[in-house]
Amino acid sequence: MLAAIKAAQDTLGRFFATQASPKSNQDYFLVKFRLTPDADQPELIWAGDLKWEGEQLWGTLANDPSDEGYVALQLVPIHLGSIVDWRYSEAGVIQGDFTRRVLERG
């Protein structure tokens, strides 16, 4: 899993470049990040509708998190260091999603 997270982090620049200028067949851009990075067991969650305000990345939570104080579709700041994965669809084929691939291999 650590190798998958490293691969995602190492290619994050490419992900954001693609998101900034997507082709017509590229959509559903998401990042998986540590919602509460300082917690003993930080929750990993997907966020979409990614937008930059200056140097700060913002996204909307893709589902209801377990952590109290957060709800699905809530706009939250995302720290780049807390991102552990990314994904998007290209012509219906998921790109990235490194951590899911590890889990599927079991």
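What you see is a predicted model; the values in this text were computed from it and never measured.

Draft legend 1. Representation of the overall build of the protein chain. When its secondary structure is counted, the protein chain shows three helices and six strands. Scanning the protein chain from its N terminus toward the C terminus, one meets helices and strands in the order α-α-β-β-β-β-β-β-α. A globule of 106 residues ought to have a C-alpha radius of gyration of about 13 Å, and the protein chain, at 13 Å, matches this closely. Seen through its C-alpha atoms, the protein chain measures out along the principal axes to roughly 35 × 35 × 20 Å. The buried share of the protein chain, reckoned over its 106 residues, is 37%.

Draft legend 2. Main features of the side chain of Lys-32. Tracing the chain through its elements places Lys-32 in strand 1 (residues 26-34). Although Lys-32 is buried, it forms no salt bridge, and the closest oppositely charged side chain is Asp-85 at an N-O distance of 4.9 Å. Among all residues touching Lys-32, those that are not within four sequence positions of it are Leu-44, Ile-45, Trp-46, Ser-82, Ile-83, Val-84, Asp-85 and Thr-99.

Draft legend 3. Structural context of the pattern of salt bridges. Applying the stated criterion across every chain, the model contains four salt bridges. Between Asp-10 and Lys-6 there is a salt bridge whose closest N-O contact spans 2.8 Å. Separated by four residues within a single helix, Asp-10 and Lys-6 lie in helix 1 (residues 2-10), roughly one turn from each other. Where Asp-97 meets Arg-87, a salt bridge forms, and the shortest distance between an N and an O atom there is 3.3 Å.

Draft legend 4. Representation of the sheet that holds strand 2 (residues 44-53). A sheet is described by the order of its strands in space; here six strands give the open sequence 4-3-2-1-5-6, paired in antiparallel fashion. Sheet topology places strand 4 (75-78) and strand 6 (93-96) at the edges, where each strand pairs with a single neighbour. The mean inter-strand angle of the sheet, taken between neighbouring strand axes irrespective of direction, is 40 degrees. Relative to the sheet, helix 2 (residues 12-20) contacts strand 1, strand 2, strand 3 (56-61) and strand 5 (83-90), its axis offset from that of strand 5 by approximately 40 degrees.

Draft legend 5. Summary view of the nonpolar core. Counting 20 residues, the largest nonpolar core has Phe-15, Phe-16, Val-31, Phe-33, Ile-78, Ile-83 and Trp-86 as the members making the most contacts within it. Discounting chain neighbours no more than four positions away, the residues touching Ile-83 are Gln-9, Leu-12, Phe-16, Val-31, Lys-32, Phe-33, Leu-57 and Ile-78.

Draft legend 6. Focus on the packing of helix 1 against helix 3 (residues 98-105). Helix 3 packs onto helix 1 with a crossing angle of 160 degrees between their chain directions and a minimal axis gap of 8 Å. The angle between the axes of helix 1 and helix 3 places the two elements in the roughly antiparallel class. Note on packing geometry: the crossing formed by helix 1 with helix 3 is right-handed. Across from Ala-4, Ile-5, Ala-7 and Ala-8 in helix 1, the residues of helix 3 making contact are Phe-98, Thr-99 and Val-102. Class assignment of the residues belonging to the contact of helix 1 with helix 3 gives a composition of six nonpolar, one polar and no charged.

Draft legend 7. Seen up close, the packing of aromatic side chains. The full count for this structure, using the stated rule, is eight aromatic pairs. Ring centres of Trp-86 and Tyr-88 lie 5.9 Å apart, and the angle between their planes is 15 degrees; on these two criteria the pair is classed as stacked. For Tyr-88, a relative accessible area of 5% puts it in the buried group.

What counts, and at which threshold
Residues numbered from 1 in each chain as written. Predicted model: local features only at pLDDT ≥ 70, side-chain atom pairs only at ≥ 80, totals over all residues. Heavy atoms only, no water. Helix = DSSP H or I, 4+ residues; strand = E, 2+ residues; numbered from the N terminus. Rg over C-alpha atoms; globule rule 2.2 N^0.38 Å. Buried < 20%, exposed > 50% of the residue type's maximum accessible area, 1.4 Å probe, protein only. Lys, Arg positive; Asp, Glu negative; His and termini not counted. Salt bridge = Lys/Arg side-chain N within 4 Å of Asp/Glu carboxyl O. Contact = heavy atoms within 4.5 Å. Pairing = 2+ DSSP bridges. Axes fitted to C-alpha atoms, helices over the stretch in contact; angles between N-to-C directions. Core = buried A, V, L, I, M, F, W, Y, C linked by side-chain atoms within 4.5 Å. Parallel < 35°, antiparallel > 145°, perpendicular 65-115°, else oblique. Left-handed = near helix turned anticlockwise from the far one by under 90°. Nonpolar A, V, L, I, M, F, W, Y, C, P; charged D, E, K, R; others polar. Phe/Tyr/Trp six-rings, centres within 6.5 Å; stacked < 30°, edge-to-face > 60°.

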